[in-house]
Structures are given as C-alpha cells and as structure tokens.
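Listed here are the chains, written in short residue letters.
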Amino acid sequence: MDNVQVVSVESVEWNDFHIIDVRSPSEFREFHINGAINVPIFSNEERAKVGTMYKQVGKEEAKMLGLSIVSPKLVEMVSRLKDIHHSIEKPILVYCARGGMRSSSFATVMSLMGLPCYQLQGGIRAYRQKIVSGLRFYHQNQVPFVVLEGLTGSRKTDILERLSIEGYPVLNLEEMAGHRGSIFGQVGTEAQSQKAFDRNLYDRLSDIGETDYYLIESESKRIGKVIIPDWILSGKAYGKRIHIHYPFEKRVQAICATYKPEDHHDHLGEALQRLKKRMKPELFHDLMNDFQKHQYENVVRVLLEHYYDPRYQFTADQYVTSPTHVHMEDLGEGLAKVREILQDYEQFKNVRDL
C-alpha cells in the first residue's frame, strides 16, 4: 500500500489520468466521474453477496469471500489496465465509493505489476461533495437567465443546441437529464440520475465560466427522474423570456423527426397508455387506432391540439412578465432573430452595469 500515492479531488487534473472506477456496474451507471472507465472488481450480484456476508457474518468472512471472487479476475484486469495505459501514456487514477478497500487493493496490485497507479482520496463521495459545493457557489452568483419558451415542437431545443455550438452560455437541461421533459421524454434517450444531472450541470457551468446570463429552455421542476435546482427555477421565473412561434404542421413534422416513431413504435405505445385517463375515451380510441396504423402525424396532431397545447397555455398564463415574441418559418430564421435579441440584451446589460 505504501507504493500507491493518494491524490485529492481538489488537486487532481482529470485529463492527466486514465480514470478507473472499480465499483460495480450498477454503481457506475447511477453516477461516475465524467470520462471514467468502469473496471469493476465485483459484479452487481457479487457486491450484494459480499455485503450480505459482511452484515450477517462478519468483516473477515466478507474479505475472504471478496478475495475468492476477485483472485480469478486479476490477470484479465491487469491486462486490461495495461492496454488502457499503453493506449495513451499517462498514469492511472483509481477510485471506489469512499476511497477504501476496493480502490486501495486494486491500485496496490496494479502498482506491483508495474503500472503507475494513484488512488483518489475519498472516492466518488469526495467527488460528489465537490459538485455540491460547486453548485452552491454558482447559486450564490445570481447570474440572470434568458428563457426560451414556446409550444411543444417549436424547435426550442434545436435552437439551443445550435447556439451552444456557437459559444452562447446555454444550459441544456433536458440533455443533462437524459430526458425530453414530456411523457414521451425517455424514448430514445437514457435517463440520468439526480447525481449524474448535478455532475453534468456543474461541468457545464464550469465550462461556461463568467457570463452575463444563462440561456435555458422553459422547463418544469421535474425532468424525468431529475429535480431542477430551485435557483434555476427562480431564475426562470424572473428571467427575460423569448417566445418561439412555429406553424402547427411544421411542429408536427419536427416532433416526428425528433422521436422517430417507426424506430420506437412499442416504446411510444407504452407511453401513450399513460394518457388514457387524461383524454376523452373516444378521442383516445381514435388516437390509438391511428397509432396502430402507423399514422403518426395524425397522432401528433391530436396530442398537440387536445393535450399539450392546452396544458402549455395554462402554464404560460401563470407568468407575470411579458415575453419577446419570435415568429419563424424555419430554424435559420429563428436562430437569426434569437441571436439579435441576445445581442441587444448583452448591450443593454453592459450599459446598465457601467
């Protein structure tokens, strides 16, 4: 163990290392350091067995069970770590849940096999604490928000994605959550845990750095499994609003292009069943008939007219501020108009702050 150096989350430069997460696949899937590679010491089932042994029998017996499970895997693990190390010549940084036995034992063995190996002090828990502390810092900064809003299918996300590529301070909350925010939001995406969302948000805020504002899409408090921080919701409530208007039929086409119903027919069908109690029986019956016939544009028309648009209008009526309206026939036109509004806002804010 003396051969393994320990580094802290405060001092580490992540790009200087191959980051190795030795926790189980389920732990890794829920939350991990961005860029980490999962080389699990235990499978999900093996971890459960060792944990049960620890609780019901004792620590020493659990350690012996763990050793018997890991020993046959060591040759393969060493080979994999060597391949990773030689792909790009930089040292290896290993972490587990708390910087305890899993990562220290793994790092010791790898060091003995000649690999430059470090252990992350405090493990993923220390990394999580850094994120929580960092988000608190951004909360206290009180940077204003510009909010992009509009009816479902108005291509708000497309606008945000393009502006983000151009360097605007976009916080794409749906992308961070792995969810599009509607009842169909997880179709074709991978929903993120709250911890993973917080990590994605912190990383994006760090990338943006100092800014006059953040640009977001109007979202509810919950996106899939994720709860949006109160300070962002408050910023949305008092932020400058840009309302996108897009023709109804083009919204229908945009939604079909986004969700690719032919590729996700069964998944979309399951999601539609959740609307059964929220729609009139005869309307839902006709909608499902169209869906089974793969007449997806008809399905979208019904959903917009009888479900999404009325719900959106109810939410919009709760605002006390007035938006700037943007009418567009295509994405290029909408982008140009939003850029112009943002430039005017930046100039106004700079003059006001003098």
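What you are looking at is a predicted structure, and each value in this text was computed from that prediction instead of being measured.

**Digging into the environment of His 32**
Note on placement: His 32 falls in the loop between helix H1 (25-30) and strand S3 (37-38). Between the C-alpha atoms of His 32 and Arg 199, which are 167 residues apart in sequence, the distance is 8.7 Å. In this structure, His 32 is in contact with Asp 21, Arg 23, Tyr 95, Ile 124, Tyr 127 and Arg 199, ignoring residues within four places of it in sequence.

**What to know about the pairing of strand S10 (residues 240-245)**
Pairing of strand S6 (residues 145-150) with S10, which is carried by five bridges, proceeds in the parallel orientation. Across the sheet, Val 147 pairs through a bridge with Arg 241, a residue of S10. Relative to strand S11 (residues 324-327), S10 runs parallel, the two being bridged by four bridges. Opposite Ile 244, over in S11, you have Val 326 as the bridge partner.

**A word on the packing of helix H4 (residues 74-87) against helix H5 (residues 101-112)**
Packing of H4 against H5 brings their axes to within 11 Å, and their N-to-C directions diverge by 70°. Relative to H5, the element H4 lies roughly perpendicular. Of the residues in H5, those in contact with Leu 74, Met 77, Val 78 and Leu 81 of H4 are Phe 106, Val 109 and Met 110. Taken together, the residues of the contact of H4 with H5 break down into seven nonpolar, no polar and no charged.

**Things to note about the sheet that holds strand S1 (residues 5-7)**
What the five strands build is an open sheet, ordered S1-S5-S4-S2-S3; its pairing is parallel. Each having just a single partner strand, S1 and S3 make up the two edges of the open sheet. Of the pairings in the sheet, the one linking strand S2 (residues 18-21) to S3 comprises two bridges and is parallel in character. Considered in S3, the bridge of Asp 21 is made with Asn 38. Taken strand by strand, H5 contacts S2, strand S4 (92-95) and strand S5 (117-120), and its axis lies near 170° from that of S5.

Criteria and cut-off values
- Residues numbered from 1 in each chain as written.
- Predicted model: local features only at pLDDT ≥ 70, side-chain atom pairs only at ≥ 80, totals over all residues.
- Heavy atoms only, no water.
- Helix = DSSP H or I, 4+ residues; strand = E, 2+ residues; numbered from the N terminus.
- Contact = heavy atoms within 4.5 Å.
- Pairing = 2+ DSSP bridges.
- Axes fitted to C-alpha atoms, helices over the stretch in contact; angles between N-to-C directions.
- Parallel < 35°, antiparallel > 145°, perpendicular 65-115°, else oblique.
- Nonpolar A, V, L, I, M, F, W, Y, C, P; charged D, E, K, R; others polar.

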